[in-house]
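Coordinate inspection notes
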Amino acid sequence: RAGEMAEAQRLLERGIEIAERIDNKYHLSQNCWLMAELKNRQGRNEVAARYLERAGQVAQEVGRREIIFQTELLRLQILGATAREAAASGLEAMLRDYDGEKERAEICFQLFRLTKAMARRDEAASRFKDLWEKSGKVEYRERLEELREDQCQLAKNAKEAKRSQ
């Protein structure tokens, strides 16, 4: 896995370099966002934040709504590690600003992850189920599986807490 991360980083660095050289802002915004994702997974949130800022700026310049959305979502995920209430408030604001099913499903998913609010889990699950049934995309089924695993873990934790009392 570490080798895969190193290879991904090398390829993204090269992609960023090429996109800059040929002034391809469309791909530059995406590559910077992907690098931010990678750095976040490595636990290097300060570096991730710099890539996110750049990705967001370039995406704004070229009107890449999906990258604008993804950068804001990741920014709030990172914020949630240190400022949970501020991140939750930001995610709630995103829910008011975005009306696409995919976006709303992702926002609810992140809200559930952050707050453990079952209403958000249920909403995310319902939306991902609808998206999966309409499109057959594996990414939606995987999100459903993650939500089921989280629900099972929460139920297990609740049972253990009752036994401890």
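The structure contained in this document is the topic of the report that follows. (Residues numbered from 1 in each chain as written. Predicted model: local features only at pLDDT ≥ 70, side-chain atom pairs only at ≥ 80, totals over all residues. Heavy atoms only, no water.)

Some words on helix H6 (residues 101-115)
This is how it is decided: Helix and strand labels come from DSSP, where a helix needs a run of H or I of at least four residues and a strand needs a run of E of at least two; each type is numbered from the N terminus. Expected span, for any helix, means 1.5 Å times one less than how many residues it has. Type-normalised accessible area, obtained with a 1.4 Å probe on protein chains alone, sets the label of each residue: buried when under 20%, exposed when over 50%, and partly exposed for intermediate values.
Compared with an ideal rise of 1.5 Å per residue, which puts 15 residues at 21 Å, H6 spans 21 Å between its outermost C-alpha atoms and is within 8% of the ideal. For H6, every residue scored as buried is listed here: Arg104, Ala105, Glu106, Ile107, Cys108, Phe109, Gln110, Leu111, Phe112 and Leu114. Looking at the residues trailing H6, positive phi occurs at Lys116, about 65°.

Concerning unusual backbone geometry
Phi is positive for Asp23, which is not a glycine, with a value near 55°. Even without being a glycine, Lys116 presents a positive backbone phi close to 65°. Inspection of the secondary structure assignment puts Lys116 in the loop between H6 and helix H7 (118-135). For Lys116, a relative accessible area of 39% gives the class partly exposed.

Topic: the side chain of Arg143
We apply this condition: The criterion used for residue contact is that any of the two residues' heavy atoms lie within 4.5 Å.
Along the chain, Arg143 falls in helix H8 (residues 138-164). Arg143 has contacts with Glu106, Phe109, Gln110 and Phe128, leaving out every residue within four places of it along the chain.

Here's the deal with the pattern of salt bridges
Operational definition: Should a side-chain nitrogen of Lys or Arg be within 4 Å of a carboxyl oxygen of Asp or Glu, the pair is scored as a salt bridge.
Applying the stated rule across the entire model yields 16 salt bridges. With its nearest N and O atoms 3.1 Å apart, the salt bridge here joins Arg113 to Glu146. One end of the pair, Arg113, is in helix H6; the other, Glu146, is in helix H8, with 33 residues separating them in the sequence. Here Glu146 falls in the partly exposed class, since its relative accessible area comes to 24%.

Observations concerning the packing of helix H2 (residues 25-41) against helix H3 (residues 45-62)
Heads up, the condition is: Note on geometry: axes are lines fitted to C-alpha atoms, helical ones only across the stretch in contact, with angles between N-to-C directions running from 0 to 180 degrees. An angle below 35 degrees is treated as roughly parallel, one above 145 as roughly antiparallel, one from 65 to 115 as roughly perpendicular, and anything else as oblique. In this scheme, a crossing is called left-handed if the near helix is turned counterclockwise away from the far one by less than a right angle; it is called right-handed if the turn is clockwise.
For the pair H2 and H3, the least separation of the axes is 8 Å and the interaxial angle reads 160°. Classified by the interaxial angle, the pair formed by H2 and H3 is roughly antiparallel. Viewed along their axes, H2 and H3 form a crossing whose handedness is left-handed. Taken together, the residues of H3 that come into contact with H2 (itself represented by Lys25, Tyr26, Leu28, Ser29, Cys32, Trp33, Met35, Ala36, Lys39 and Asn40) are Asn45, Val47, Ala48, Tyr51, Leu52, Arg54, Ala55, Val58, Ala59, Glu61 and Val62.

Brief notes about the nonpolar core
Which entries qualify depends on this criterion: Definition used in this section: a nonpolar core is a set of buried Ala, Val, Leu, Ile, Met, Phe, Trp, Tyr and Cys residues joined via side-chain atoms within 4.5 Å.
Grouped together as the largest cluster of nonpolar side chains are 42 residues, with contacts concentrated most on Leu91, Met94, Ile107, Phe128 and Leu147. Looking at this core, the elements with two or more residues in it are helix H1 (2-21), H2, H3, helix H4 (65-80), helix H5 (84-97), H6, H7 and H8. Setting aside anything within four residues of it in sequence, one finds Leu147 in contact with Phe109, Phe112, Arg121, Ala124, Ala125 and Phe128.

With respect to the packing of aromatic side chains
Cut-off, in case you're wondering: When the centres of two rings from Phe, Tyr and Trp lie within 6.5 Å, Trp using its six-membered ring, the rings pair. Their planes under 30 degrees apart give stacked, over 60 give edge-to-face, and anything left gives tilted. Two conditions define a charge sitting above a ring: the NZ of Lys or the CZ of Arg must be within 6 Å of the ring centre, and it must be within 35 degrees of the ring normal.
As enumerated under the stated definition, the model contains 3 aromatic pairs in all. Look at Phe128 and Tyr140: their rings are 6.1 Å apart centre to centre, the planes differ by 35°, and that puts the pair in the tilted class. In this pair, Phe128 sits in helix H7 while Tyr140 sits in helix H8, placing the two residues 12 residues apart along the sequence. Judged by relative accessible area, which is 0%, Phe128 ranks as buried. Here the aromatic residues Phe109, Phe128 and Tyr140 are joined through ring pairs into a cluster of three or more. Sitting over the ring of Tyr26, Arg64 keeps its end group 3.7 Å from the ring centre. If you follow Arg143 out to its NZ or CZ, it ends over the ring of Phe109, 3.9 Å from the centre.

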